[in-house]
Amino acid sequence: MDKEFYVSVELYVSAKAASALRKPPTKKSTDKRDAARAASGNGETSQKKVKEKASWLSLAKSSTGSGQWRPARCKLVEEEEGCLLNIYVDDTILYRSIYMYLLNHTDIRMAHRSLFEKRNCLAIFSVAGQMRGAAPTTEPLYIQFEDEETANTWLALLRSYAMPEVYGRWLSPEDGGLYRMWRQVDLTCLQGRNLGVTRPLSDEPPTAEQEAKAEADAIDMDVYCEIFVNGILCGRTTVKKGIGSPDWHERFVLPDLPPFENLEIVVWREKRLTRPSMIGNVVIVLVNFRRGDAVEGWFPVLNGGHASSTQAGEMRLKIRVDEEIILPYHVYSRMLKTLHSRNHLDWMRDLETRLKMKNVNQNIMSIAIAKNVLLENIMELADREVDGTHTSHNTLFRGNTVFTKTVELYMSWYGMAFLEASVGSSIRRLCAEKVAIEVDPVRIGKGGKAVEKNVELLVTWCQEFWDRIYDARRQCPPELRRLFEHIRRLVETRYRVKDDHNRELPWQSVSAFCFLRFIVPAILHPHLFGLLPGLPDVAVQRSLTLIAKVVQSLANLNPAVQKEEFMRGVKDFLTNSLQAMIDYIFVVSTPEPGTAVKGPLTPLSSDKHERLRIMNALRHRSAIAPVLHREAIPLLPYLLDIPRHLAVVTSVVVRYSRTQNFQPSKQGSIPDDKHFAEFCTRCLEVEEQALFRVSKLAARPRRQHSEPVINIPPPPVPTSPIPSSPSSSWKLPTRERKISASAVSPTKRRARKPSRPSTAPSSPERGSDSAASGRSLGSSVAEPRSPNNQNHPPLPSPLPTPTSPSAADGFETRPRAKRPNLVHHPRSTSTDSPLARKAVPEPLLSPMSDSSVDVSDEAGKRRKNIFRSILTRR
């Protein structure tokens, strides 16, 4: 079997790392150069300083700055039970070597696009002892792949050598453990209010007088935010102007996170020719945050750290925190059988109508994609929706039904590259040039010549957009072509289109999806489709709205209809482009000969040979890996994790069924009711099994040090001194982190480990079987205020307060490095080490109780607390 794998990438190298790679300079200056340098004097020096400061404000990735992207080559070498990832720059210089078998799965995850405005970037986090290299730094490693398929393939490959977060390995050797964990934070930064205006921090909402004073004191400034999870920079908003009240509406979905600590939103003010200054920060303790529900409100921006008694404005945030227990796949077998017994879209409709659930559609779609039945399910629903009646053809596919909403998700799943090729570059060019178009005479407030000029500009840009869209028609993926073909032929059959009245209905039915629900919304709201990093300016947004109206009119194949009088100037453009639109619809609704929809396990890259080598290696490694380890490796090419999707569906169904007081046993004899009651019953069975496994781990006896780790042979002795693998029988040295700035004497303070979900008991190596007492949100932790300026009630802890996992359970929690004090952090991604702040305040966690625990009654208390907490969480 192949033991080595190669890939060419782009590598982010900070100034600190680049200086270590740079050879000592050799002095080659001549007398002329020295004389010229001396003649320039202080003037040149001052100009250089100004230029360097200006580079902080630059968002261009090609700007000369401290950090840069360089071509590199990755080599993955498998040796015995170990695995080494070598990264080379300039073909020969070894930049870093990482021992992949020492990393956790959560150390290998995709980087959010907002960090560099680059797609397909993989982040690898390692600490001293897990890597070595020419650059003496433990900064995160960021590498960009050529395309999404290559990035996904290498993510799966690297994770196959790393350790998943599995608990209770020695309690369930047949499965490789009792369960594993998955976490995600979904954060939307909506807007700011009174940023930069300081006032005393108070639980009471501000009075009208205070609000008026704050608005009067607000100043016009450029503001942006940085998002940190557990002290690691994970995302960054765009820079917004506003008098203390900027609007972002930017969403950050951060999956595959390590055990929760803090979520921190740092607000920066960007200044001209000087470094940005910190306005304040919002710190949220994730350990205690409500799970599974979106919490939206105003959060105070603390000025001067977590101990500050003043705030500098408020941030309106929407936060959803997910933390799920994932059981082995076979535990979900009965639930999966029930799920596959009907059309998956029928389950989505039932869950939405009966339990008011709207956030599991993506997970059910993923399950259907893994079974390769999603397109078949959508076609079946299309057959039901197109009934052929005379009253339906005018509103065909215009309503928000389960079918139309599923098709929207389907197009987003398969068609993002197609969408980028169609309108991505045109939208970004329009925004970069800040094109402002207005054809409404009332809004312009000028004469007819100004309107005519703007209409000409509108037609020019409409032609630009339409040319790009038309040129990209053959890049429409086969999955979308098959769906559009089915819809077109279905309408042709159900509605007799031979007469003139319905002749264009088949084409319009395709455009109702391709344009009305995909391309046109992307033009209107490009930031929601990943085409722009944030909201466009107001004037540019108006230009996009006008262009979207024209493109939609063209897609409707009716150029004579114009609702606004001032839009009639584009009629010639619509008439001339009508035949091209029909040709476009025909192409995207006609599969190319010899193409078929590929299954979920078929690679999509052009480099099929290298992809097949990696697929074969993954197949071989999966065959010999324990069950939970094998299932933790995502399925290619879409990185599907079926047990995780099932766990999320189960969790949400159980939680909502209890909220809605739904009782499966009391359902009637209607077939749909029986199906739904059976599905809820299966979810409750899975929940009981999860509860049993959690309590089994909580009640485990203290493990003997002589007991070997199951089925994991020791790694080979490396050539350089490194710590042992978590998968080996050798134990990594246990490290601690400071939980809070407690006044307790170090000699009397209890040793504590990093926070962990409550599903893991305290480490037996620590000599404690007790679960940690619950933490409460302290006064230093920001709590949201609802939009009506009322404080939310305290957020309940979803699970008992966690303690750290042990190496014996197969997951090593990295020690929390002490971060330095907050310093200015330039918005530009070209600055030195923009992805790791030089320092941080102490973690804002409330001290845990140090009260002694009665050992004799501990097991009963622990089981009782865990059962209560999980029922509350669900």
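Heads up: the structure comes first, above all this text.
Computed from a prediction, not measured in an experiment: that's the story for all the values here.

Conventions used here
Residues numbered from 1 in each chain as written. Predicted model: local features only at pLDDT ≥ 70, side-chain atom pairs only at ≥ 80, totals over all residues. Heavy atoms only, no water. Helix = DSSP H or I, 4+ residues; strand = E, 2+ residues; numbered from the N terminus. Buried < 20%, exposed > 50% of the residue type's maximum accessible area, 1.4 Å probe, protein only. Areas by Shrake-Rupley, 256 points an atom, 1.4 Å probe, with all protein chains shown as cover. Axes fitted to C-alpha atoms, helices over the stretch in contact; angles between N-to-C directions. Parallel < 35°, antiparallel > 145°, perpendicular 65-115°, else oblique. Left-handed = near helix turned anticlockwise from the far one by under 90°. Contact = heavy atoms within 4.5 Å. Nonpolar A, V, L, I, M, F, W, Y, C, P; charged D, E, K, R; others polar. Expected span 1.5 Å × (residues − 1). Pairing = 2+ DSSP bridges. Core = buried A, V, L, I, M, F, W, Y, C linked by side-chain atoms within 4.5 Å.

## Side note on the overall build of the protein chain
Here's step 1: Within the protein chain, the secondary structure is distributed over 21 helices and 19 strands.
Here's step 2: Within the protein chain, the fraction of its 874 residues that count as buried is 55%.
Here's step 3: Carbon and sulfur atoms make up 52% of the accessible area of the protein chain, which totals about 38700 Å².

## Quick word on the packing of helix α10 (residues 416-432) against helix α12 (residues 448-471)
Here's step 1: Packing of α10 against α12 brings their axes to within 7 Å, and their N-to-C directions diverge by 150°. Here α12 runs roughly antiparallel to α10, going by the angle between their axes. Between α10 and α12 the crossing geometry is right-handed. Residues A421, S422, V423, S425, S426, I427, R429 and L430 of α10 form the contact with α12, whose own contacting residues are W461, E464, F465, R468 and I469.
Here's step 2: Split into classes, the residues belonging to the contact of α10 with α12 amount to 7 nonpolar, 3 polar and 3 charged.

## A look at helix α15 (residues 538-555)
Here's step 1: For α15, spanning 18 residues, the distance from its first C-alpha to its last is 26 Å, which sits close to the expected 26 Å at 1.5 Å a residue.
Here's step 2: Within α15, 14 of the 18 residues are buried, which leaves the element mostly enclosed by the surrounding structure.
Here's step 3: Two residues or fewer after α15 comes L557, characterised by a positive phi angle close to 60°.

## Side note on the sheet that holds strand β4 (residues 93-99)
Strand pairing within a sheet occurs via backbone hydrogen bonds; the two strands may be parallel or antiparallel.
Here's step 1: Strand order across the open sheet formed by 8 strands is β5-β6-β8-β1-β2-β3-β4-β7, with antiparallel pairing between neighbours. A single partner strand is all that each edge strand has here, and the edge strands are β5 (108-110) and β7 (131-133). Averaged over all adjacent pairs, the angle separating strand axes in this sheet is 30°, with direction ignored.
Here's step 2: Contacting β1 (4-13), β2 (68-79), β3 (82-89), β5 and β6 (121-124), helix α3 (residues 148-161) runs over the sheet at an angle of about 160° to β5.
Here's step 3: The sheet contacts of helix α17 (residues 608-624) involve β1 and β2, and relative to β1 the element is tilted by about 105°.

## Details of the nonpolar core
Here's step 1: Among the nonpolar cores identified, the biggest contains 118 residues, and F515, I519 and Y584 are the most heavily contacted of them.
Here's step 2: Ranked by residue count, the leading element in this core is helix α14 (residues 505-524), at 11 residues.
Here's step 3: For I519, the contacting residues outside a window of four places in its chain are L419, V423, I469, C514 and Y584.

## A closer look at the environment of L531
Here's step 1: Counting through the fold element by element, L531 comes out in the loop between α14 and α15.
Here's step 2: Overall, L531 belongs to the buried group, its relative accessible area being 1%.
Here's step 3: Put simply, L531 and M416 are 115 residues apart on the chain and 9.6 Å apart in space, counted from C-alpha to C-alpha.
Here's step 4: Those residues within four positions of L531 in sequence are excluded, and the remaining contacts are R113, R119, L419, E420, V423, G424, I427, R428, A522 and P526.

## Comments concerning unusual backbone geometry
Here's step 1: Of note, the bond from L636 into P637 is cis; its omega dihedral lies within 30 degrees of zero at 5°.
Here's step 2: Position of P637 relative to the elements: it lies in the loop between α18 (627-631) and α19 (642-659).
Here's step 3: The backbone phi angle of D90 is positive, close to 55°, even though this residue is not glycine.
Here's step 4: Mapped onto the elements of the fold, D90 is located in the loop between β3 and β4.
Here's step 5: Look at D90 and you get partly exposed, because its relative accessible area is 45%.

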